[in-house]
Amino acid sequence: MTTETYRDAWGIPHLRARDADALARAQGRVTALDRAWQIEVERHRFQGTSASFLGADALAWDVFARRARLEDTARRCFIALERQDPETAAWVRAYVDGVNEGLADGARRAPEFARTGLDPAPWQPWAPLGIWLGTHILFAGFPAKLWREQVIRHLGSEAVALFATDGPGTAGSNGWLISGDRTVTGHALLAGDPHRFIEDPGVYQQIRLSCPEFDVIGLAVPGVPGIAHFGHTGTAAWSITNAMADYQDVYRERLRRTGAGVEALGPDGHWHRARRHTEKVEIAGEDPIEIELIETERGPVIAGGPEGLESGVAVDRTPVLAPQAADSCTSAPPDAVDRTPASASQAAVGRIPVHGPQGSPALGDESRTGGAGGKGDDAEGGAEAGPTALTLRYPPRVTEDLGFSTLLPLLRARRVEDIDAAFDSWAEPVNVVQAADTEGGLLHRVAGRVPQRAQSNRLRMVPAWRPGHAWHGSHDTPYAGLADGIAVMANQRGPAAPLGIEFAPPHRADRIHALLQERRTWSAADLPAIHTDTFLASAAPLLDHLAALDDLTPGAARLRDRLLSWNRRMDADSTEAAAYAAVRTALVRRLAAHPAFAALAEPPAYPEVLLPWLALAPRIGYALEHLLRAEELYGIDRAAEVRAAVEEAAAAPPAGTWADTHRLAAWKALPGGPYEEPGLAGDHDCVLCTSAVPGLTDRAARGPAARYVWDLARRENSRWVVPFGADGVPGAPHHRDQLPLWLGGELAPVVTDWTLLTLEHTEETDD
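Residues numbered from 1 in each chain as written. Predicted model: local features only at pLDDT ≥ 70, side-chain atom pairs only at ≥ 80, totals over all residues. Heavy atoms only, no water.

Engineer: Whenever I open this one, the overall build of the protein chain confuses me. Can you help?
Structural biologist: When helices and strands are tallied, the protein chain shows 24 helices and 24 strands. Burial statistics for the protein chain: of 767 residues in total, 65% are counted as buried. Sequence separation of at least 24 residues holds for 74% of the intrachain contacts in the protein chain that already meet a minimum separation of 6. Accessible area of the protein chain: about 25200 Å², with a carbon and sulfur share of 50%. (Helix = DSSP H or I, 4+ residues; strand = E, 2+ residues; numbered from the N terminus. Buried < 20%, exposed > 50% of the residue type's maximum accessible area, 1.4 Å probe, protein only. Contact = heavy atoms within 4.5 Å. Areas by Shrake-Rupley, 256 points an atom, 1.4 Å probe, with all protein chains shown as cover.)

What follows is the structure in structure tokens.
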């Protein structure tokens, strides 16, 4: 039978093959042709080898990824998949075969290979699992536990809720489901937009996968087969948002060296042998370095070592002549991953998050467990003497399951019940799923694996040598219904509330719900207007403080009056939005410099890749409404600080509109020459969530990585768009052709008629 590759007017691939395996092979091949550089970078990231061609800037991520054992975890998960679900394992292998077939041609199209001297290399069958894991290892925001530890230590446990609010260090999304009772066709609509770091090429790949068994359009993750997050099978459709669940733990370990290797103190009071070996990390243009990898019964050591926390931070830059032999207890050679490191300010416009997810934690007695030497110290926090290290415990390292058994059943889904059953196998990241079908079926549930353990594990770091912090199975995932024919999820507290600590503020969800209530019935064509709403509800506390001020200088008084009459929309052409952002920035910087928060300005000696989560200015910026509304703020005269901020902004007002400074800062693994990215509307708490970093920069590194509307009445009425285009090759016709649509809030039509497509490639295969 013939395997066919078609393209629509936007260069989006539509693939047709004889069966699911042949289709997976075609998907791998076309991905390698369109995204060779992107997927090879991602492969090197999960292997921890990207510094070998990207240079020292990638080293911090490589070290973290290797210490977290990402490749070894992916390999173990694939071996388990072959044993437990051989059909899916064979399907993944077929995808990898297709990647390997297309890589050489794809690399010839991508100029980055020549610039770096990188040669594409054959993929191992677990590479898609490694890419998935490397992409999502930070989604649960475990470094936020390091931040909470600092807050509790220096300000007390009550301050955790004060600083709790969503930040750009984790991915979020908007998503809404409208039942047929509320649509003009009588069939359901699904719409939304995932918020991630905007990358060039994009993190989502528009694609169609068709064989006699199924015909699905959706948004794939380059390097991973199938369509995991957003898809439409013709009779059923699904979408996801980040549930903001907490499913990773950080343990404080006490380690010691012995003649035989390294031991860790366990909760039984005894020392236990840890697995240990060394690895060599190559760095382009520099000598390689050697790092030590240690894994205890809790998980891999990601910070520190037997000599203490600082021992694992400054990587030994001594040249390595030959790799050191592993200890006798070492398992198979581990793994590695890479992501570009960043300082707090670089993180604002780079791929390393500024900090993790937040919300309003419910603090129980266990939350009053202190860190060493500060408020809340007790036996839990561990002011005990002795060097410590940090280990990361994350589900796939424990269960050897990344949830890939969900992917084929999703493609085969015909009804909501099929989608529901498929997501029973989902592992991570933990998501809220919304789905609908042409028979009127609706679904709103949480999917993923959240371990059962003590509340203190979820809140902060816990001592490995104390009993009571083990995992005991997994939580059941909650379900929810619709209210008046509508379900809205925007990372706020919802069905996943029992599974998390911190969630997004309710502003985006409340605004979407309010907009949907403005009319009784909706069509697919109506919904893009919701995607691009710019109302900023979180501006209210600062504006309330401004309204209470008097005795301002004339210029500051005029600025105050302008802002009080402002419509609170972060429109691209708004000078008032720019002025509001200037006042906000000045206030955040003043609060961050206040002596009351001085202890939070100097984080512990954690690895560089984790430090952005502890950056004080962004933490204050995203928690600003809480800080301004609190009854008391550690003796800070907030009226005086707001007054000083508005006077500062009035003395040097922004020269133009919000879009003049609120510009897209897309991440590239290999930046080229300077180029002007477009100005944007929106802000962090707008439905149009283009995240500036208050106190650091107005530039937006995170925003809608795609937008979609799935119509269950007629799939061809569905719409989608990505920030750039279908082709990852700079200068190609479809590299950035969707950017004008994305900027203007428009969506491209989904084409389902094969006669309207252009045949690009055919290949005869044996039946």
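Engineer: Teacher, can you tell me more about the sheet that holds strand S5 (residues 205–211) here?
Structural biologist: What holds strands together in a sheet is hydrogen bonding between their backbones, with the strands either parallel or antiparallel. One open sheet holds the nine strands; their spatial order is S16-S15-S8-S7-S6-S5-S2-S1-S24, and the pairing between them is mixed. Edge positions in the sheet fall to strand S16 (442–447) and strand S24 (758–764), since each has one partner strand and no second. Direction aside, neighbouring strands of the sheet carry axes that sit 15° apart on average. Note: strand S15 (residues 431–437) against S16, six bridges, orientation antiparallel. Within the sheet, the bridge partner assigned to Ala-436 lies in S16 and is Leu-442. Helix H1 (residues 20–47) contacts strand S1 (2–7), strand S2 (13–16), S5, strand S6 (214–220) and S24 of the sheet and is inclined by roughly 155° relative to S5. (Pairing = 2+ DSSP bridges. Axes fitted to C-alpha atoms, helices over the stretch in contact; angles between N-to-C directions.)

Engineer: Help me understand helix H22 (residues 638–651) in this model?
Structural biologist: One full turn of an α-helix is made of 3.6 residues, so residues set three or four places apart face in the same direction. The terminal C-alpha atoms of H22, which comprises 14 residues, lie 20 Å apart, in line with the 20 Å expected from a rise of 1.5 Å per residue. Residues Arg-638, Glu-641, Val-642, Ala-645, Val-646 and Ala-649 constitute the buried set of H22. Buried residues of H22, seen end-on, are gathered within an arc of 130° and therefore sit on one face of the element. On its buried side, H22 packs onto helix H17 (540–547), helix H18 (554–564), helix H19 (575–592) and helix H21 (624–629). Looking at where H22 begins, the residue whose side-chain oxygen comes 3.3 Å from the main-chain nitrogen of Ala-639 is Asp-637. (Expected span 1.5 Å × (residues − 1). Arc of directions from axis to C-beta. Polar contact = N/O pair within 3.5 Å; in protein donor to acceptor, adjacent residues only side chain to side chain.)

Engineer: Would you mind showing me how to read the packing of aromatic side chains here?
Structural biologist: Inspection of every chain in the model, using the stated rule, returns 16 aromatic pairs. Between Trp-132 and Phe-404, the ring centres sit 6.3 Å apart and the planes meet at 90°, which makes this aromatic pair edge-to-face. Of the two residues, Trp-132 sits in helix H7 (residues 127–136) while Phe-404 sits in the loop between helix H11 (395–399) and helix H12 (407–412), which places them 272 residues apart along the sequence. Each member of the pair, Trp-132 as well as Phe-404, is classed as buried. (Phe/Tyr/Trp six-rings, centres within 6.5 Å; stacked < 30°, edge-to-face > 60°.)

Engineer: Explain the nonpolar core to me, please; I cannot follow it from the model alone.
Structural biologist: Note that soluble globular proteins tend to have their nonpolar side chains buried in a common cluster. Membership of the largest hydrophobic core comes to 145 residues, with the highest contact counts inside it found for Trp-37, Leu-516 and Leu-527. In terms of residue count, the dominant contributor to this core is H1 (twelve residues). Ignoring anything within four residues of it in the chain, the contact list for Leu-516 reads Trp-176, Ile-178, Arg-182, Ile-486, Val-488, Trp-522, Leu-527 and Ile-530. Judged by nonpolar contacts, the second largest core, of 53 residues, contains Val-583, Leu-627, Leu-628 and Trp-658. (Core = buried A, V, L, I, M, F, W, Y, C linked by side-chain atoms within 4.5 Å.)

Engineer: Explain unusual backbone geometry here, please?
Structural biologist: Residues apart from glycine generally show negative phi values, whereas peptide bonds are mostly found in trans. Looking along the chain, the bond that leaves Asp-200 and enters Pro-201 is cis, with omega of 5°. Within the secondary structure, Pro-201 sits in the loop between strand S4 (189–197) and S5. One non-glycine residue, Met-244, adopts positive backbone phi at about 60°. By the element assignment, Met-244 lies in the loop between strand S8 (236–242) and strand S9 (249–258). If you check the backbone angles, Asp-551 has positive phi at about 60° while not being a glycine. Mapped onto the elements, Asp-551 comes out in the loop between H17 and H18. Residue Asp-551 is classed as exposed on the basis of its relative accessible area, which comes to 72%.

Engineer: So what exactly am I meant to see when it comes to helix H4 (residues 70–84) here?
Structural biologist: With 15 residues, H4 extends 21 Å between its outermost C-alpha atoms, agreeing within 8% with the 21 Å of an ideal straight helix rising 1.5 Å per residue. Every buried residue of H4 is listed here: Leu-70, Glu-71, Asp-72, Thr-73, Ala-74, Arg-76, Cys-77, Phe-78, Ala-80 and Leu-81. Buried residues in H4 make contact with H1, helix H3 (59–67), helix H5 (86–109), H7 and H11.

Engineer: Help me understand the side chain of Asp-711, please; the structure alone is not making it clear to me.
Structural biologist: Looking at where Asp-711 falls in the secondary structure, it is placed in strand S21 (residues 707–711). Here Asp-711 is in contact with Ala-188, Leu-189, His-232, Ala-524, Asn-717 and Ser-718, once residues within four sequence places are set aside.

Engineer: Got a minute to help me understand the pattern of salt bridges in this structure?
Structural biologist: Pairing between side chains of opposite charge can happen when the charged atoms of each approach one another. Under the criterion given, the structure shown has 56 salt bridges. Asp-72 serves as the salt-bridge partner of Arg-397, at 2.8 Å between the closest nitrogen and oxygen. Residue Arg-397 is located in helix H11, and its partner Asp-72 is located in helix H4; the two are separated by 325 residues in the primary sequence. When sorted by exposure, Arg-397 lands in the same class as Asp-72, which is buried. The shortest N-O distance in the salt bridge between Arg-298 and Glu-253 comes to 2.7 Å. Here the residue Arg-298 occupies a position in the loop between strand S12 (286–295) and strand S13 (301–304), and Glu-253 occupies one in strand S9, the gap between them amounting to 45 residues. For Arg-298, a relative accessible area of 10% gives the class buried. Given a relative accessible area of 0%, Glu-253 falls into the buried group. Through salt bridges with shared partners, a single ionic network connects Arg-69, Asp-72, Arg-75, Arg-76, Arg-275, Glu-295 and Arg-397. (Salt bridge = Lys/Arg side-chain N within 4 Å of Asp/Glu carboxyl O.)

Engineer: Help me understand the pairing of S1 in this model?
Structural biologist: Where a strand is regular, its side chains alternate between the two sheet faces. Across the six residues that make up S1, a large majority, five, are buried. Bridging between S1 and S24 involves six bridges; their strand directions are antiparallel. Within the sheet, the bridge partner assigned to Thr-5 lies in S24 and is His-761. Both S1 and S2 contribute to a ladder of four bridges, which runs antiparallel. For Tyr-6, the partnering residue across the bridge sits in S2 and is His-14.

Engineer: Whenever I open this one, the packing of H18 against H22 confuses me. Can you help?
Structural biologist: The N-to-C vectors of H18 and H22 enclose an angle of 100°; their axes lie 8 Å apart at closest approach. On the basis of their axis angle, the class for H18 and H22 is roughly perpendicular. Facing Gly-555, Ala-556 and Leu-559 of H18, the residues of H22 in contact are Val-646, Glu-647, Ala-649 and Ala-650. In terms of residue class, the contact of H18 with H22 is built from five nonpolar, one polar and one charged. (Parallel < 35°, antiparallel > 145°, perpendicular 65-115°, else oblique. Nonpolar A, V, L, I, M, F, W, Y, C, P; charged D, E, K, R; others polar.)

Engineer: It is not clear to me how the packing of H19 against H22 should be interpreted in this structure. Could you clarify?
Structural biologist: Packed helices, taken two at a time, are described by their axes: the angle between them and the distance between them. Close contact between H19 and H22 brings their axes to 8 Å; oriented N to C, the two are set at 130°. In this view, H19 runs oblique relative to H22, as classed from their interaxial angle. Along this stretch, H19 crosses H22, giving a crossing that reads as right-handed. Taken together, the residues of H22 that come into contact with H19 (itself represented by Ala-582, Val-583, Ala-586, Leu-587, Arg-590 and Leu-591) are Glu-641, Val-642, Ala-644, Ala-645, Val-646, Glu-648 and Ala-649. Tallied by class, residues from the contact of H19 with H22 come to ten nonpolar, no polar and three charged. (Left-handed = near helix turned anticlockwise from the far one by under 90°.)

Engineer: Is there a simple way to think about the confidence of the model for the protein chain in this case?
Structural biologist: Interpreting fine coordinate detail is not advised for predicted regions of low pLDDT. For the protein chain, per-residue confidence averages 90 on the pLDDT scale, and residues scoring 70 or more make up 88% of the total. Here residues 313–379 is modelled with pLDDT under 50, and outside its nearest four sequence neighbours on either side it reaches 264 contacts, counting other chains as well. This stretch, residues 381–385, has a pLDDT under 50; its non-local contacts, to residues over four places away or in other chains, come to 18 contacts. (pLDDT = per-residue confidence, 0-100.)

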